[in-house]
Amino acid sequence: MFDRDTFDPITACAEIRSRGYTLIPDFLDPGHLARVRAALDRELGAHRGRNNFEGHATERVYTLVARDPVFQEIAEDPRALALCDVFLDPNYLLTGSLAICIHPGESPQPWHVDDAFYPLSRPRPMVSFSTIVAVDDFTADNGGTEVIPGSHLWSEAEIGGDYHSGDHETDPRFAQRMAGQGIAIEMPAGSCIAFAGNLLHRGGANTTSAPRRAFSIQYCQPWARTQENYFLTISREQARAMSPRLQALLGYSIHPPFMGHAAGRHPLKVLHREAGPDRHH
Ligand SMILES: O=C(O)CCC(=O)C(=O)O
């Protein structure tokens, strides 16, 4: 299904440890890329970002795993999960699955880390692990993701107090300190950048005349709150039809000794019951 022959997990892990990211050039084979494009053709077109972070000329569509089976397959990609196995604790969860379409005229997104909302002092291990897959070729001009290599290792002082003030999106000091440190990831459609959740990155400006489509699948520690609340956005019927691995990633699983229980029961037992939660518990 996916071409896994060229994936070298030892090199990938070494790159993530040293610079914060690795590239997987052949992440999607042509068949999967075509299915992703067909799904995004259906889903994209009716949205716009609501703030500077989402991007006023950027479209985001969340909960991809509920929108097309191809994203369910990709969320379980063995190469992505092999990296999560190394960098996250067992029983890690799916925290986000979203399409990101940067339209022409979009300005650069604010520099950020994907696990910023966990208030833990840096330097620290990542709390989440992200992938971004190019659906169109990524270039330096069309909004290809930009990263600051090595910034996953930065301390509080290096990242700067202004980052945590909540104003960093508009604080010129933060933007000035980051100036010149980023590099644009240029990669063909179907490629993936896999990176530490504590790595500074952003969507680039799109100065071309064509949209740049991508999607991001993100995982987090089993003890961290997930960004997306899949219990509300994926129906029980839909969740029942998903694979056991994906069900576990969505939280139909226990992180020992009992995180994630449903009224004292394993969530899979509740999922597979016809009625709602047992009132007696
Ligand atoms: O679109 C991109 O390349 C990056 C988007 C991103 O980092 C985000 O929205 O968190």
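Residues numbered from 1 in each chain as written. Predicted model: local features only at pLDDT ≥ 70, side-chain atom pairs only at ≥ 80, totals over all residues. Heavy atoms only, no water.

Enquirer: Looking at this structure, I do not really get the overall build of the protein. What am I missing?
Expert: Looking only at helices and strands, the protein has eleven helices and nine strands in total. Since a compact globule built from 281 residues should have a radius of gyration of about 19 Å, the 19 Å found for the protein is in line with a globular shape. Its C-alpha atoms put the protein at 60 × 40 × 40 Å along the principal axes. Out of the 281 residues belonging to the protein, those deemed buried represent 52%. Once local pairs closer than 6 in sequence are excluded, the contacts in the protein between residues at least 24 apart make up 82%. For the protein, the accessible surface area stands at approximately 12800 Å², while carbon and sulfur atoms represent 57% of it. Looking at the protein, you have 26 positive and 34 negative side-chain charges, and the mean spots of the two groups are 7 Å apart. (Helix = DSSP H or I, 4+ residues; strand = E, 2+ residues; numbered from the N terminus. Rg over C-alpha atoms; globule rule 2.2 N^0.38 Å. Buried < 20%, exposed > 50% of the residue type's maximum accessible area, 1.4 Å probe, protein only. Contact = heavy atoms within 4.5 Å. Areas by Shrake-Rupley, 256 points an atom, 1.4 Å probe, with all protein chains shown as cover. Lys, Arg positive; Asp, Glu negative; His and termini not counted. Charge placed at Lys NZ, Arg CZ, Asp CG, Glu CD.)

Enquirer: Whenever I open this one, the side chain of Glu 146 confuses me. Can you help?
Expert: By the element assignment, Glu 146 lies in strand 5 (residues 146-147). Residue Glu 146 is classed as buried on the basis of its relative accessible area, which comes to 13%. Excluding its chain neighbours within four sequence positions, the residues that come into contact with Glu 146 are Trp 111, Ile 183, Ala 184, Leu 200, His 201, Arg 202, Gly 204 and Ala 205.

Enquirer: Teacher, can you tell me more about the packing of aromatic side chains here?
Expert: Any two aromatic rings considered together are summarised by their centre-to-centre distance and by the angle between their planes. The final tally for this structure, using the stated rule, is five aromatic pairs. Both rings, one in Phe 87 and one in Phe 129, keep their centres 6.1 Å apart while their planes meet at 5°; by these two values the pair is stacked. Of this pair, Phe 87 sits in helix 4 (residues 78-87) while Phe 129 sits in strand 4 (residues 128-134), placing them 42 residues apart in sequence. Note on Tyr 92 and Tyr 219: the rings are 6.3 Å apart at their centroids and 90° apart in plane angle, and the pair reads as edge-to-face. You can see Tyr 92 sitting in the loop between helix 4 and strand 3 (93-102) and its partner Tyr 219 sitting in strand 9 (residues 212-220), a full 127 residues away along the chain. Neither Tyr 92 nor Tyr 219 differs from the other in exposure class; each is buried. (Phe/Tyr/Trp six-rings, centres within 6.5 Å; stacked < 30°, edge-to-face > 60°.)

Enquirer: Which parts of the structure should I look at to understand the pairing of strand 2 (residues 58-61)?
Expert: Burial along strand 2 is two-sided: the residues Thr 58 and Arg 60 and Glu 59 and Val 61 are all buried. With four bridges connecting them, strand 2 and strand 3 associate as antiparallel partners. Paired with Glu 59 across the strands is Cys 101, a residue of strand 3. (Pairing = 2+ DSSP bridges.)

Enquirer: Where do I start with the site of the ligand in this structure?
Expert: Around the ligand, a shell composed of Phe 53, Arg 60, Ile 100, Ile 102, Gln 109, His 112, Asp 114, Ile 132, Thr 145, His 201, Gly 203 and Arg 212 is seen. In this structure, an oxygen atom belonging to the ligand sits 2.7 Å away from a side-chain N or O atom of Arg 60. A distance of 2.9 Å separates an oxygen atom of the ligand from a polar side-chain atom of His 112. Contact with the protein chains removes 95% of the 290 Å² of surface that the ligand exposes when unbound. Its residues placed into classes, the shell around the ligand shows four nonpolar, five polar and three charged. (Near = heavy atom within 4 Å. Polar contact = N/O pair within 3.5 Å; in protein donor to acceptor, adjacent residues only side chain to side chain. Nonpolar A, V, L, I, M, F, W, Y, C, P; charged D, E, K, R; others polar.)

Enquirer: What am I meant to see in the environment of Leu 232 here?
Expert: Here Leu 232 is to be found in helix 8 (residues 230-233). The exposure class of Leu 232 is exposed, given its relative accessible area of 71%. Sequence separation between Leu 232 and Phe 215 is 17 residues, and the spatial gap between their C-alpha atoms is 21 Å.

Enquirer: Please clarify how a nonpolar patch on the surface should be interpreted in this entry.
Expert: Side chains of Leu 120, Trp 223 and Met 259 sit close together on the surface and give an oily, nonpolar patch of about 290 Å² of accessible area. Relative to the helices and strands, Leu 120 is located in the loop between strand 3 and strand 4. For Leu 120, a relative accessible area of 42% puts it in the partly exposed group. (Patch = residues over 30% accessible without salt bridge, like charges linked within 9 Å, V, L, I, M, F, W, Y side chains within 5 Å. Salt bridge = Lys/Arg side-chain N within 4 Å of Asp/Glu carboxyl O.)

Enquirer: What is the right way to read the pattern of salt bridges from this model?
Expert: It is possible for side chains bearing opposite charge to pair when their charged atoms get close. Inspection of the entire model under this criterion finds twelve salt bridges. A salt bridge links Glu 15 to Arg 19; the shortest N-O distance between them is 3.3 Å. Residue Glu 15 and its partner Arg 19 are both found in helix 1 (residues 9-19); the two are separated by four residues, about one turn of the helix. With its nearest N and O atoms 2.7 Å apart, the salt bridge here joins Arg 213 to Asp 136. Placement of the pair is Arg 213 in strand 9 and Asp 136 in the loop between strand 4 and strand 5, with a sequence separation of 77 residues. Across the pair, Asp 136 and Arg 213 agree in class, each one buried.

Enquirer: Which parts of the structure should I look at to understand unusual backbone geometry?
Expert: Negative phi characterises most residues that are not glycine, and trans characterises most peptide bonds. Residue Pro 123 is reached from Arg 122 by a cis peptide bond, and omega for that bond is 0°. Among the structural elements, Pro 123 can be located in the loop between strand 3 and strand 4. Residue Pro 256 is joined to Pro 257 through a cis peptide bond whose omega torsion reads 5°. Considering the arrangement of structural elements, one finds Pro 257 in the loop between helix 10 (244-249) and helix 11 (267-272).

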